[in-house]
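Residues per chain are reported as follows:
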Amino acid sequence: DWGYGVEDGPSLWHQNYPIAEGSRQSPIDILPQTASHDPSLGPIALKYDQCTSINIANNGHSVVVEFEDSDDRSVIQGGPLDNPYRLKQFHFHWGGKGCRGSEHTVEGHSYASELHLVHWNAVKYETFGEAATAPDGLAVLGIFLETGDDHRWLHTITDALYMVKFKGSVTNFKSFNPKCLLPSSLHYWTYLGSLTTPPLHESVTWIVLKEPIAVSEKQPAHSWWIPGSSHYGWFPIQTSQMELSLAFAAHKTTASTE
Ligand SMILES: NS(=O)(=O)c1ccc(-n2ccn(-c3ccc(F)cc3F)c2=O)cc1
Ligand SMILES: [Zn+2]
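Described in the following lines is the structure provided in the data block. Because the structure is predicted, anything quoted here is derived from the model rather than measured.

## Quick look at the coordination of the zinc ion (ligand 2)
Item 1. Here the zinc ion (ligand 2) is held by His-91 (NE2), His-93 (NE2) and His-116 (ND1), and the distances to it run 1.9 to 2.0 Å.
Item 2. Around the zinc ion (ligand 2) sit four donor atoms, and with donor-metal-donor angles ranging over 100 to 115° the site reads as tetrahedral.
Item 3. The sequence motif formed by the donor residues of the zinc ion (ligand 2) is H-x1-H-x22-H.

Put into structure tokens, the structure is as follows:
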């Protein structure tokens, strides 16, 4: 129903999702010089030690890792948030061929990819679905990714992608802890915005970290795969096996000549 093509891309989403023309739509271009410093904002706190990932899925728009959210075992709090928000899932946004895929930009600068850790206000709302439509229902932590210059992590990304190569594929994915994806500084920008894809609900308190993370093979083994650089083009959305292997083959040759 929606996508990023000419017939179904962001400029047309308003036809099925009128909120696309709302007053707090995301993503935005972050302008650090005009961002006002709010002294009442403290640091954010992430408690991901007990987090329990359940599965990894390709929903046709991204790869999503879902978490067990029946209690407050993994939460984000502090900063602009009045109470703890539970981690529900994380996912990535890639770039199209040759272009960079972050959704937020900083003074017009795009990053290679962007990781979103989606949390919901389980103090005020009974379910994620209910929170997803409430103005203070969700908190998404955005982390920019830059591809390092010495990363040859194709094997790790291959493993992960082959697990969820087609839209609708879901597979077991236990004991991944996203804290290894965090940069050293938790300095952030924050603003009231929305889901960046349909249904575009204006329910997100965005917390975007200033420091990007770089991917290199020195990352601890358990940080497994990270979205590819723009060579991959869009995540294999309903990619046929052949296309996917061609994409990898193409990347491989590019990688080896890099
Ligand atoms: N890219 S992002 O802003 O982090 C983002 C974009 C879209 C979603 N998203 C898509 C569908 N849903 C969703 C799933 C279940 C539900 F009950 C309600 C929803 F809005 C959702 O939260 C979740 C996160
Ligand atoms: Zn996202």
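## Topic: the layout of surface pockets
The rolling of a water-molecule-sized probe over the atoms marks out the regions of remaining empty space.
Item 1. If you add up the space inside the largest pocket, you get close to 560 Å³.
Item 2. Lining the largest pocket are 21 residues, with Ser-36, Leu-41, Tyr-188, Trp-189 and Thr-190 sitting closest to its centre.
Item 3. No other element matches strand β11 (residues 188-193), which puts four residues into the lining of the largest pocket.
Item 4. When the residues that make up the lining of the largest pocket are grouped by side-chain class, the tally is 13 nonpolar, five polar and three charged.
Item 5. In this structure, the second largest pocket encloses a volume near 430 Å³.
Item 6. If you trace the second largest pocket, you find 25 residues lining it, with Gln-89, His-91, Leu-195, Thr-197 and Pro-198 closest to the centre.
Item 7. If you list the elements that add at least two residues to the lining of the second largest pocket, you get β4 (63-67), β6 (85-93), β8 (113-120) and β9 (138-147).

## Observations concerning the site of ligand 1
Item 1. Taken together, 17 residues are adjacent to ligand 1, and His-91, His-93, Gly-129, Thr-196 and Thr-197 come closest.
Item 2. Contacts to ligand 1 include His-91, whose side-chain N or O atom sits 3.3 Å from a nitrogen atom.
Item 3. Across the complex, the protein chains shield 71% of the 520 Å² of accessible surface that ligand 1 would expose by itself.
Item 4. With respect to the detected pockets, ligand 1 is housed in the second largest pocket.
Item 5. Contributions of two or more residues to the shell around ligand 1 are made by β6, β8 and α2 (128-131).
Item 6. With three residues, the single largest contributor to the shell around ligand 1 is β6.
Item 7. For the shell around ligand 1, the per-class residue count stands at eight nonpolar, eight polar and one charged.

The rules behind each value
Residues numbered from 1 in each chain as written. Chains lettered and ligands numbered in written order. Predicted model: local features only at pLDDT ≥ 70, side-chain atom pairs only at ≥ 80, totals over all residues. Heavy atoms only, no water. Donors = N, O, S within 2.8 Å, 3.2 Å for Na, K, Ca; no water. Tetrahedral: all angles 85-135°; square planar, octahedral: opposite > 155°, others 65-115°. 1 Å grid on protein atoms, 1.4 Å probe; cavity = no way out; pocket = protein on both sides within 12 Å on 5 of 7 lines; lining within 4 Å. Points joined across faces, edges and corners; volume = space filled by probe spheres on them. Helix = DSSP H or I, 4+ residues; strand = E, 2+ residues; numbered from the N terminus. Nonpolar A, V, L, I, M, F, W, Y, C, P; charged D, E, K, R; others polar. Near = heavy atom within 4 Å. Polar contact = N/O pair within 3.5 Å; in protein donor to acceptor, adjacent residues only side chain to side chain. Areas by Shrake-Rupley, 256 points an atom, 1.4 Å probe, with all protein chains shown as cover. Sits in = over half its atoms within 2 Å of the grid points.

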